[in-house]
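Listed below are the residues making up each chain.
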Amino acid sequence: MAKDGLGLETELTLALPGGGGDPSGSMEKKEKKRVFSEFSSDETTMTANKNEVVGWPPVCSYRRKNSFSMEEGTKMYVKVSMDGAPFLRKIDLSTREGYSCLLMDLEKLFGCYGIGEEDSSEYVPIYEDKDGDWMLVGDVPWQMFSRSCKRLRIMKRLDAKGIGLHAKDFHKGISIEA
Amino acid sequence: MINYFPEEVLWHVFSFLTSHPDRNAASLVCKSWYNVERFSRGKVFIGNCYAISPERMISRFPRVRSLTLKGKPHFADFNLIPQDWGGNVYPWIVAMAKGSTNLEELRLKRMVVSDESLELLAKSFPNFKSLVLVSCEGFTTDGLAAIASNCRFLRELDLQENEVEDRRGQWLSCFPDSCTSLSSLNFACLKGEVNVAALERLVARCRNLKSLRLNHAVPPDALQKILAQAPQLVDLGADSFVHDPESETYNKLKNVMQKCSSIRSLSGFLDVNARCLPSIYPICINLTSLNLSYAPGIYSKELVKLIHKCKKLQRLWILDTIGDKGLGVVASTCKELQELRVFPSDLHVVGNVAVTEEGLVAISAGCPNLNSLLYFCQQMTNAALITVAKNCPNFIRFRLCTLNPTIPDAVTMQPLDEGFGAIVQSCKGLKRLSVSGLLTDQVFLYIGMYAEQLEMLSIAFAGDSDKGMLYVLNGCKKLKKLEIRDSPFGNMALLADTGKYETMRSLWMSSCGVTFGGCKTLAEKMPRLNVEIINEGDEMEGRPDDRQKVEKMYLYRTLVGPRKDAPDFVWTL
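Residues numbered from 1 in each chain as written. Chains lettered and ligands numbered in written order. Predicted model: local features only at pLDDT ≥ 70, side-chain atom pairs only at ≥ 80, totals over all residues. Heavy atoms only, no water.

**Q** Describe the overall build of chain A, naming the residues involved and giving the relevant values.
**A** Helix and strand counts for chain A stand at 6 helices and 9 strands. Residues counted as buried form 45% of the 178 residues belonging to chain A. Contacts in chain A between residues at least 24 apart in sequence constitute 48% of all its contacts with a sequence separation of at least 6. (Helix = DSSP H or I, 4+ residues; strand = E, 2+ residues; numbered from the N terminus. Buried < 20%, exposed > 50% of the residue type's maximum accessible area, 1.4 Å probe, protein only. Contact = heavy atoms within 4.5 Å.)

Structure follows, in structure tokens:
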């Protein structure tokens, strides 16, 4: 029967991730690998290297696409440039919770403070969106921003003068009067 | 005696028959009852759109006002079915338009809906009131604009988890000023911008609006203004919530929430700062339904504080980041809980230990009214399932999903047969069951023996031999839908009782042991079944060998023979 091909003999016990005090933990890990690699030779639906099964766990595709924290492995690295800095950095938007987190991390990356703060900062954060337009960071909800942001730029406020931007404290609220 | 009842009496009696099984039964009694019933049936439910043709449906039920249709098989949700498989609603709308059906309500699940369909729908049925689309695809906001513009008496536009292409149009603005009849508007699944001013005006003039679910493009200060106009709301969905607890928007929102004393159901929160949750505390005490399953940004502590206030909760959808401890809080707070769904936040098997059997046991001990469960967990034990079965004998729906599909009992390393056996034995009203974990044929013996009311069963990576599937087919007399993947069931099981499949709606088998030969034999024997094989890739060049295993098979009973819209990759044998 298909039993052998699918490797579902009950002698194979699959250890819990991280082990469960099982003395033959390492052997079971090898066996676990064997199960999945057998799959990859028989079934085109499984990818052995990622230990992933198509359609498992059975979460509907809408939920997979729309639950933000389920986008494991889809890192959202974007380039960040700062006016005057000799090189760019990269930051992963998928691991940030929101704007305040992002701005704090940007400050740490470039060693300057108060990015986006109204009076105290000489810098304004902007980003390039999917349409290629440069937008002020903070106008739209975080999710929408992180999905459409292609790259970030920390611009000198002097360069933005005359456009009439008054960005309130980014750490607290998201209200921009343009 | 019954033959002498005048038709008017039968009409009157049948008007009290609301459930489809009851009406179906009544129509089988005699010709006279059949005729009275068919002319009096207003709500038609078709669980598989390919089981019957639109024309035949209309000719049998000429007075249909409400139609519910389901298209793709359930496993389509998990990417097991390629695009363009079928399930198009257009032929149904065309037929009803031609037949001058007085359609008022259309409810679709897993169907393909084009803009053309929506436009035809909007223009063909002057009394159209209610459109509910669940897990559908194929339409854009242009189609929605057609509905908004033309359906003068629209009461309900409910879009749940659909894939909608956003054309950045102004579909919301298409509701004319004369539209004041909306009672339910749900566009949470739309990705794009909406005209917020038009939305505010729409809400203001629809005094009967009870259910409103917004997408994340509606900013928090608009939310606050909308709520101020609609304190009568019973159900609210808000994806974009306020971020700053010190902002004026937050204060306004807090104040307006206090006036929304009718809200019983809350969802959304895709984008929430947990520090702003206190703004909804005033309505928590009245909440019966809470869906936080799309809200990853709420951490345990805030979540627990929130749950503490929701003492009347009957339905809770949550992420597994709540943890076993959090479920303990639910168990001690939400004594009236009936439905619980715990979704995975991390799709990798080797992740944080999210929820385990402990959380489930706690819930079962604290919430005796629990009757519906969907539980994604890291691990499970037989002992826990046995306890749950004892504590909660009222399960109607029980779906357990271990993140590792073949994981054994975490303590004894045994299969989980005994645990699920206890569930089916104790829960005599069980209608839907999904099993997972390491399972042998034994669990199917139990299911066949005890699950007398079971209508839908989902099996994955389970069983040892054909016997498993046979236990189920022979035992579960009320089985309607059986879906199986990656399990060692083959031709012997498939062909043992071919007549059984005419008593069921459908059978799905993928990555099992059935072969082309087996499927062909079945198709030849049972002309009133469509046996469809889905072939992907190039292994299907020319005529396949009878001994070759079938990757995906979907069979269903039908009165209208093979479907004419099957794509190239679907073979009807």
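**Q** Tell me about the overall build of chain B, and name the residues and values.
**A** If you tally the helices and strands in chain B, you get 20 helices and 23 strands. Here the C-alpha coordinates of chain B stretch approximately 70 × 65 × 60 Å along the principal axes. A separation of at least 24 residues holds for 71% of the contacts in chain B among residues at least 6 apart in sequence. Counting every atom, chain B has about 22,500 Å² of accessible surface; 51% of that belongs to carbon and sulfur. In chain B, the 66 positive side-chain charges and the 61 negative ones have mean positions that sit 8 Å from each other. (Areas by Shrake-Rupley, 256 points an atom, 1.4 Å probe, with all protein chains shown as cover. Lys, Arg positive; Asp, Glu negative; His and termini not counted. Charge placed at Lys NZ, Arg CZ, Asp CG, Glu CD.)

**Q** Lay out the nonpolar core in plain terms, naming residues and giving numbers.
**A** Within soluble globular proteins, side chains that are nonpolar tend to cluster in buried spots. With 184 residues, the main nonpolar core has B:Phe187, B:Phe241, B:Phe398 and B:Ile447 as its most contacted residues. If one sorts the elements of this core by residue count, helix α7 (residues 141–150) of chain B sits on top with 5 residues. Setting aside its immediate chain neighbours within four residues, B:Ile447 contacts B:Val424, B:Leu433, B:Val435, B:Leu454, B:Leu457, B:Val472 and B:Cys476. The next biggest cluster of nonpolar side chains, apart from the first, holds 21 residues, and it includes A:Val80, A:Met82, A:Leu93 and A:Tyr127. (Core = buried A, V, L, I, M, F, W, Y, C linked by side-chain atoms within 4.5 Å.)

**Q** An account of the pattern of salt bridges is needed here, citing residue identities and associated values.
**A** Residues and elements named next belong to chain B. Tallied over the full model, the rule gives 25 salt bridges over all chains. Across the pair Arg110 and Asp77 runs a salt bridge, and its minimum N-O distance is 3.2 Å. Placement of Arg110 in the loop between β3 (105–109) and α6 (115–124) and of Asp77 in the loop between β2 (66–70) and α5 (90–98) is noted, with a sequence separation of 33 residues between them. Taking relative accessible area as the criterion, Arg110 reaches 9% and is therefore assigned buried. When the shortest N-O distance is used, the salt bridge between Lys129 and Glu104 registers 3.6 Å. Taken as a pair, Lys129 in the loop between α6 and β4 (130–134) and Glu104 in the loop between α5 and β3 lie far apart in primary sequence, 25 residues in all. You can call Lys129 buried: its relative accessible area is 19%. In this structure Glu104 comes out as buried when scored by relative accessible area, which is 17%. (Salt bridge = Lys/Arg side-chain N within 4 Å of Asp/Glu carboxyl O.)

**Q** Can you lay out the pairing of strand β4 (residues 89–92) of chain A for me, pointing to particular residues and giving the numbers?
**A** Taken residue by residue, a regular strand's side chains alternate between the two faces of the sheet. Residues and elements named next belong to chain A. Two strands pair when backbone bridges link them, and strand β3 (residues 77–82) and β4 are joined in this way by 4 bridges, in the antiparallel orientation. From the neighbouring strand, Val80 faces β4, where its bridge partner is Arg89. Taken together, β3 and the strand that follows it, β4, pair antiparallel across an intervening segment of 6 residues, in which Gly84 is found at a positive phi of about 100°. (Pairing = 2+ DSSP bridges.)

**Q** Report on the environment of B:Ile46, specifying residues and quantitative values.
**A** All names here are of chain B. Mapped onto the fold, Ile46 is located in strand β1 (residues 43–46). Along the backbone, Ile46 and Val132 are 86 residues apart, and their C-alpha atoms lie at a distance of 15 Å. In this structure Ile46 touches Ile52, Met57, Leu67, Thr68, Leu69, Lys70 and Trp92, once residues within four positions along its chain are discounted.

**Q** Help me get a handle on the side chain of B:Arg23, residues and values and all.
**A** Residue and element names in this part refer to chain B. On the secondary structure map, Arg23 appears in helix α2 (residues 20–27). Take Arg23: its relative accessible area is 7%, and that puts it in the buried class. Looking at Arg23, its side chain comes within polar contact range of the side chain of Glu37, at 2.7 Å. (Polar contact = N/O pair within 3.5 Å; in protein donor to acceptor, adjacent residues only side chain to side chain.)

**Q** Residues and numbers for the packing of helix α8 (residues 196–205) of chain B against helix α9 (residues 220–229) of chain B, please.
**A** In a pair of packed helices, the angle between the axes and the distance between the axes together describe the arrangement. Residue and element names in this part refer to chain B. For the pair α8 and α9, interaxial distance at closest approach is 9 Å and the crossing angle is 15°. By the angle class used here, α8 and α9 are roughly parallel. Crossing of α8 over α9 shows right-handed handedness. Across from Val196, Leu199, Glu200, Val203 and Ala204 in α8, the residues of α9 making contact are Ala222, Lys225, Ile226 and Gln229. (Axes fitted to C-alpha atoms, helices over the stretch in contact; angles between N-to-C directions. Parallel < 35°, antiparallel > 145°, perpendicular 65-115°, else oblique. Left-handed = near helix turned anticlockwise from the far one by under 90°.)

**Q** Give a description of the confidence of the model for chain A that names residues and reports values.
**A** Detailed reading of predicted coordinates is not advised where the pLDDT is low. Residue and element names in this part refer to chain A. Residues of chain A with pLDDT of at least 70 account for 49%, and the chain-wide mean is 63. Considering only residues more than four positions removed or in separate chains, one finds that residues 18–51, a stretch of pLDDT under 50, has 34 contacts. Every residue in residues 166–178 scores below 50 in pLDDT, and together they form 37 contacts with partners more than four places removed in sequence or on other chains. (pLDDT = per-residue confidence, 0-100.)

**Q** Lay out α2(B) in plain terms, naming residues and giving numbers.
**A** What sets the pattern is the α-helix's 3.6 residues per turn: residues three or four places apart point alike. All names here are of chain B. Those residues of α2 that fall on the buried side of the exposure criterion are Arg23, Ala26 and Ser27. Along the axis of α2, the buried residues cluster in a sector spanning 100°; they form a single face. Where α2 is buried, its residues contact α1 (7–14), α3 (31–40) and α4 (54–60). (Arc of directions from axis to C-beta.)

**Q** Let's hear about the environment of B:Glu246: which residues, and what values?
**A** Within the element layout of this structure, B:Glu246 appears in the loop between β10 (235–240) and α10 (248–259). It is 9.8 Å that separates the C-alpha atoms of B:Glu246 and B:Arg275, two residues lying 29 residues apart in sequence.

**Q** Please set out the environment of B:Phe16 residue by residue, giving values where relevant.
**A** Within the secondary structure layout, B:Phe16 lies in the loop between α1 and α2. Under the relative-accessibility criterion, B:Phe16 is labelled exposed at 62%.

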